[in-house]
Amino acid sequence: MFNKKAHTTNAKLERLIGLKKVKEQVERIACAARVNALRIANDYKVAQSTQHMVFTGNPGTGKTTVARIMAEIFKDYGVLRKGHLVEVTRADLIGQYIGHTAMKTKDVIESALDGVLFIDEAYSLTPEESGKDYGAEAIAELITYMENYPNRLVVIVAGYSKEMRRFIDANPGLASRFKNTIEFEDYNEPELFQIFSKIALEHDYYLTQPAQRALGKQIKFTYQNRGKNFGNGREMRNLFDDVISNQAVRIANQFLKPSRTDLVTIEAKDIPGGHDKGPHGGDDYIPPDTNIFVDPKTKDLAESGLINQLKYGINKSVFGESEWPLSVKRPYDLIKTADKKGENDA
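Residues numbered from 1 in each chain as written. Predicted model: local features only at pLDDT ≥ 70, side-chain atom pairs only at ≥ 80, totals over all residues. Heavy atoms only, no water.

Novice: What is the right way to look at the overall build of the protein in this model?
Specialist: A count of helices and strands for the protein gives 15 helices and seven strands. Within the span of the protein, comprising 346 residues, buried residues form 46% of the whole. Across the protein, every contact between residues at least 6 apart in sequence was considered, and the portion connecting residues at least 24 apart equals 78%. Accessible surface for the protein amounts to roughly 18400 Å². Of this, 50% is attributable to carbon and sulfur atoms. (Helix = DSSP H or I, 4+ residues; strand = E, 2+ residues; numbered from the N terminus. Buried < 20%, exposed > 50% of the residue type's maximum accessible area, 1.4 Å probe, protein only. Contact = heavy atoms within 4.5 Å. Areas by Shrake-Rupley, 256 points an atom, 1.4 Å probe, with all protein chains shown as cover.)

Structure below.
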């Protein structure tokens, strides 16, 4: 029951950027699941408790990822037999006529048995102006399954904090079954920098130090001007898409035959606003003194360097000077070495 998979699942949780309070709450739930499994294995009684959860917070804060990890945890500790995640929205549950919703919802729930049903934007099932809405029909079916299959189904509902409170209050059956609420706070500026860094690393890009400086300014500007529905990680994904699009145009116009270094390098001018002194420009921002995005051949070394950097404390490395760990060569030097080797092999 307790094998390397459980350790791997916990490691996945710890590797997530930020989410300190979320990790603490998930750890408590995981500990309870583990101890209960041990009690069962030793023929002791276990008090029945609901595992259903409410995830609240803005988009892009990792709710779906954590739900997937929760499913793995429940499988690893014997709470659920399969531990798969079925992710749905209102459109997957609501039918077009009376009776259709119950059938659709039943089919979805049965596909999630022995695993986790994750309903994103669950508040849409209880619109403020309900009228002839069929959301209540879906909720009634959901409550029935939660009641009849307490050991085969975990339901996680997610959405904005205010709207989810309205959702839970809409039906007494929901309030009594969802005892665990986990709030996903917005990522702060250093964490957003880490998220962009991770995306770039996974796609084999690296930033020059001027580009890191420009990125820091852009993230600072974006964060300080965020709205109440700030997209968090999604904002960084969109920013990354803009950056690599700008980089592609620059390379196409600048080089007839770009080198390997050219292909993986992001410059300051590739960052939106990176070549001007607009509201998010200026020289007051000090980026991390690191180049962490590399050619695939050197990714392993760079990834180790990134982990070491995070251990040094990302707040210092983003908002103050820090040195690249001495145990890891600068990826930029490694890429230049690879380029020279390619030239010698040609």
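Read on, since the account is not over.
Novice: Teacher, can you tell me more about the layout of surface pockets here?
Specialist: Estimated volume of the second largest pocket: approximately 490 Å³. Q48, S49, Q51, P150 and N151 are the residues nearest the centre of the second largest pocket, which is lined by 24 residues in total. Contributions of two or more residues to the lining of the second largest pocket are made by α2 (20–41), α6 (135–148) and β4 (153–159). Grouping the constituent residues of the lining of the second largest pocket by class yields 13 nonpolar, nine polar and two charged. (1 Å grid on protein atoms, 1.4 Å probe; cavity = no way out; pocket = protein on both sides within 12 Å on 5 of 7 lines; lining within 4 Å. Points joined across faces, edges and corners; volume = space filled by probe spheres on them. Nonpolar A, V, L, I, M, F, W, Y, C, P; charged D, E, K, R; others polar.)

Novice: Would you mind going over unusual backbone geometry with me for this structure?
Specialist: Both trends apply: most residues other than glycine have a negative phi, and most peptide bonds are in trans. Unlike most non-glycine residues, L19 shows phi in positive territory, near 60°. For L19, the location among the structural elements is in the loop between α1 (4–15) and α2.

Novice: Can you help me understand the nonpolar core in this one?
Specialist: For soluble globular proteins, the rule of thumb is that nonpolar side chains tend to be buried together. Of all hydrophobic cores here, the largest spans 48 residues; its most connected members are M53, F55, M70, I156 and F196. It is helix α3 (residues 63–76) that provides the largest number of residues to this core, a total of seven residues. In contact with F55, other than residues within four places in its own chain, are K63, V66, A67, M70, F118, I156, V157, A158, G159, M164, I182 and F184. (Core = buried A, V, L, I, M, F, W, Y, C linked by side-chain atoms within 4.5 Å.)

Novice: Help me out: how do you make sense of the confidence of the model for the protein in this one?
Specialist: Interpreting fine coordinate detail is not advised for predicted regions of low pLDDT. Averaged over all residues, the pLDDT of the protein is 81; the fraction at 70 or higher stands at 76%. The low-confidence segment residues 341–346 (pLDDT under 50) makes zero contacts with residues lying over four places distant or belonging to another chain. (pLDDT = per-residue confidence, 0-100.)

Novice: I keep staring at the pattern of salt bridges and nothing clicks. Help me out?
Specialist: Pairing between side chains of opposite charge can happen when the charged atoms of each approach one another. Applying the stated rule across the entire model yields eleven salt bridges. A salt bridge links K12 to E72, with the shortest nitrogen-to-oxygen separation between them at 3.0 Å. Of this pair, K12 sits in helix α1 while E72 sits in helix α3, and the two are 60 residues apart along the sequence. The class of K12 is partly exposed, set by a relative accessible area of 31%. The exposure class assigned to E72 is partly exposed, which follows from its relative accessible area of 22%. With a shortest N-O distance of 3.9 Å, K220 and E189 are connected by a salt bridge. Taken together, the residues K220 in helix α10 (residues 209–224) and E189 in helix α9 (residues 189–202) connect sequence positions 31 residues apart. Overlapping salt bridges bring together R81, D114 and R152 as one network. (Salt bridge = Lys/Arg side-chain N within 4 Å of Asp/Glu carboxyl O.)

Novice: In this structure, what is going on with the sheet that holds strand β5 (residues 180–184)? I would like to understand it.
Specialist: Pairing in this open sheet of five strands is parallel, and the strands run β2-β3-β4-β1-β5 from one edge to the other. Edge strands, defined here as strands with exactly one partner in the open sheet, are β2 (85–88) and β5. Pairwise comparison of adjacent strand axes, ignoring direction, gives a mean angle of 20° for this sheet. Across six bridges, the pairing between strand β3 (residues 115–120) and β4 is parallel. Within β4, the residue paired with G115 across the bridge is L153. Packing against the sheet, α2 makes contact with β1 (53–57) and β5, and its axis sits at approximately 155° to β5. (Pairing = 2+ DSSP bridges. Axes fitted to C-alpha atoms, helices over the stretch in contact; angles between N-to-C directions.)

Novice: In this structure, what is going on with α6? I would like to understand it.
Specialist: In an α-helix, one turn spans 3.6 residues, which is why side chains three or four residues apart end up on the same side. With 14 residues, α6 ought to run about 20 Å at 1.5 Å a step, and its terminal C-alpha atoms sit 20 Å apart, in line with that. Buried residues of α6: G135, A138, I139, E141, L142, I143, Y145 and M146, and no others. Buried positions along α6 lie against α4 (90–93), α5 (100–112), β3, β4, α7 (161–169) and α8 (172–175). (Expected span 1.5 Å × (residues − 1).)

Novice: Even after reading the chapter, I still don't get α9, so can you show me in this structure?
Specialist: Between the first and last C-alpha of α9 there are 20 Å, a value that for 14 residues agrees with the 20 Å anticipated at 1.5 Å per step. Counting buried residues along α9, twelve of its 14 residues qualify, which places the element largely inside the surrounding structure. Among all positions of α9, only E189, P190, E191, L192, F193, Q194, I195, F196, S197, I199, A200 and L201 are buried. Positive backbone phi, approximately 65°, marks D204, located one or two places after α9.

Novice: Explain the environment of G95 here, please?
Specialist: With respect to the secondary-structure elements, G95 resides in the loop between α4 and α5. Residue G95 is classed as buried on the basis of its relative accessible area of 10%. Along the sequence, G95 and G135 sit 40 residues apart, while their C-alpha atoms lie 9.2 Å from each other. The contact partners of G95, leaving out residues within four places of it in the chain, are H100, T101, K104 and Y134.

Novice: Would you explain the side chain of T101 in this entry?
Specialist: Relative to the elements of secondary structure, T101 occurs in helix α5. Reaching out from T101, the side chain makes a polar contact with the backbone nitrogen of G95 at a distance of 2.7 Å. The residues contacting T101, other than those within four sequence positions of it, are L93, I94, G95, Y134, E137 and A138. (Polar contact = N/O pair within 3.5 Å; in protein donor to acceptor, adjacent residues only side chain to side chain.)

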